[in-house]
Amino acid sequence: MGEKLAIEGGKKTVPDGIAKPWPIITQDDMDAVQEVLKRGVIWGPDAIEKTALEREWAEYCGVKYCIVTNSGTSAMHACVAGAGVETGDEVIVPAFTFWATAQAVLCQNAIPVFVDIDPVTYNIDPNKIEEKITDRTKAIIVVHAHGLPCDMDEINAIAEKHGLSVLEDAAHAHGSEYRERKAGNLGDMAMFSLNGTKNLPGGEGGFVTTNNPDFFEKARLTCMFGEKKVPKGNIRPYDAHTMGNNYRPVEMTCAFVRSQLRRLDEYNRLRIENVNYLTRELGKIKSIITPPEPGDRKNVYHIYRIKLDPAAAGYPNIDPEDFRWAVQSALFAEGVPVMEWHSFPVPGQKIFQNLDAYGRGCPWNCGHARKGIRYDAGDYPETQKMFAASFVLYTIYGSNGLDLMKYYVDAFHKVFGRLDEIVTNPKYYTRIRASA
Ligand SMILES: Cc1ncc(COP(=O)(O)O)c(C=O)c1O
């Protein structure tokens, strides 16, 4: 009969404390930060580490320009502003993303227009973009969700046909590739996040990348108080040309990220090794749908998403969300840190339901926006279905190896070997963490 499930009081499969944290911080990282402190220059628009990191990341992505920022959220805003998005313009955004993607559009007083995802890739569905384009549309933001690049050829062709810019949210995609080109170089402009969870971690921080000198200059203004760059030796005139923020990073972060960047490819390789093992082993359980692996792109797996098919497990009449909660809770109790990464489409968030970003209903009723825009989470059924039927795993990152993945696979086999005990019991149709 095998061992009792941990959620039912049995022994956990995965021993406590064996999953290591992310990021991996080495002596080199510490020396790099200490070097900055010894140098005594801890900030500056043209400071040594910032300038070097901009050059190195531009080289890594194969683009002409890079700006380091103090967050991915600020980098996303700089992209939207850089592409010339203005009050009342519309920008296409996938319904499945972190809301910072849409927030960047609102920061320009512009209007996010959401598009549902492809049920296989979980990325924006290119076949659903054109029906959302109006005479106000200015740009399409694509999000390489969890590290898998979007269908860029199709999306770039739509953008070209309608005269739109394509902006990449590559927050999850440091080192991802589409047809041998790196994320960050797949559209007109891109952003990355350097938040501590990311494949290239910096604590907080971000990048803007582009080949377009005008977009670069406008993005730079957004990051630097709206002021133009002063040629070396000239006096700063303190003269803002446009809205701008202080989106600059500090030198300690830049030095740390430069040091981490030297190991990015190796850490991505380790993630992919972990994921390949999981995908091979979990793929043997017929109700588990592992992430797709299109042959023309490289996924760097910031997050590993696992989808469940109750019918394939022999439970065609159980609601997929009930089934998923039961399995997720049982796995969690076994010591597999499976979790949600968001739970409903971004247009379902309060700000879109209330149609109010700045007070008084702005930007939707500021006079420049198209009238009658409304948001309903139910308009994005594929995003909803994905959330209902799936959960994610973060600990595939490169601090962990196949020893941990093997424990995970054992836990999946244990739970899927005793499914009847949990999926037919309504007490497990909700998040259960207590026993973990
Ligand atoms: C898809 C996506 N876009 C944008 C961001 C914002 O980045 P940051 O947290 O660095 O501001 C995140 C952050 O997790 C994200 O996941």
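The structure we're discussing is the one just above.
Here the structure is a predicted model, which is why all the values come from computation and not from measurement.

Undergrad: Just checking my understanding: could you explain the packing of aromatic side chains for this structure?
TA: Remark: the centre distance and the inter-plane angle together describe each pair of aromatic rings, the angle taken between the planes. Overall, the coordinates contain 19 aromatic pairs when judged by the stated rule. Aromatic side chains tryptophan 57 and tyrosine 60 sit 4.9 Å apart centroid to centroid with 15 degrees between the ring planes, which places their arrangement in the stacked category. With tryptophan 57 and tyrosine 60 both in helix H2 (residues 48–61) and three residues apart, the pair spans about one turn of that helix. An aromatic cluster of three or more residues is present, and its members are Trp99, Phe114, Phe352, Trp364, Tyr375 and Tyr380. Its end group placed over the ring of tyrosine 60, lysine 182 keeps NZ or CZ at 4.5 Å from the ring centre. Here the basic side chain of arginine 305 rests over the ring of tyrosine 122, its NZ or CZ set 6.0 Å away from the ring centre.

Undergrad: Which parts of the structure should I look at to understand the site of the ligand?
TA: Every one of the 17 residues lining the ligand counts as a neighbour, but Thr73, Asp169, His172, Ser193 and Lys198 are closest to it. Among the secondary structure elements, those contributing two or more residues to the shell around the ligand are helix H3 (72–82), helix H4 (100–107) and strand S8 (189–193). For the shell around the ligand, a count of residues per class yields six nonpolar, nine polar and two charged.

Undergrad: Just to check I follow, could you spell out helix H11 (residues 381–389) for this structure?
TA: Quick reminder: α-helices carry 3.6 residues per turn. Residues three or four places apart thus point the same way. Of all the positions in H11, only Glu382, Thr383, Met386, Phe387, Ala388 and Ala389 are classed as buried. Buried-residue contacts for H11 involve strand S12 (304–308), helix H9 (320–334) and strand S13 (390–393).

Undergrad: Looking at this structure, how should I read the pattern of salt bridges?
TA: Between side chains of opposite charge, a pair can form when the charged atoms approach closely. For the structure shown, the criterion picks out 26 salt bridges. When the shortest N-O distance is used, the salt bridge between arginine 269 and glutamate 273 registers 3.0 Å. One end of the pair is arginine 269 and the other is glutamate 273, both in helix H8 (residues 264–282) and four residues apart, which spans about a single turn. Among the residues examined, glutamate 273 registers a relative accessible area of 36% and is labelled partly exposed. We note a salt bridge from glutamate 382 to lysine 385, for which the minimum N-O separation is 3.3 Å. Taken as a pair, glutamate 382 and lysine 385 lie in helix H11 at a separation of three residues, close to a single helical turn. By relative accessible area, which is 18% here, glutamate 382 ends up buried.

Rules behind the numbers
- Residues numbered from 1 in each chain as written.
- Predicted model: local features only at pLDDT ≥ 70, side-chain atom pairs only at ≥ 80, totals over all residues.
- Heavy atoms only, no water.
- Phe/Tyr/Trp six-rings, centres within 6.5 Å; stacked < 30°, edge-to-face > 60°.
- Helix = DSSP H or I, 4+ residues; strand = E, 2+ residues; numbered from the N terminus.
- Lys NZ or Arg CZ within 6 Å of the ring centre and 35° of its normal.
- Near = heavy atom within 4 Å.
- Nonpolar A, V, L, I, M, F, W, Y, C, P; charged D, E, K, R; others polar.
- Buried < 20%, exposed > 50% of the residue type's maximum accessible area, 1.4 Å probe, protein only.
- Contact = heavy atoms within 4.5 Å.
- Salt bridge = Lys/Arg side-chain N within 4 Å of Asp/Glu carboxyl O.

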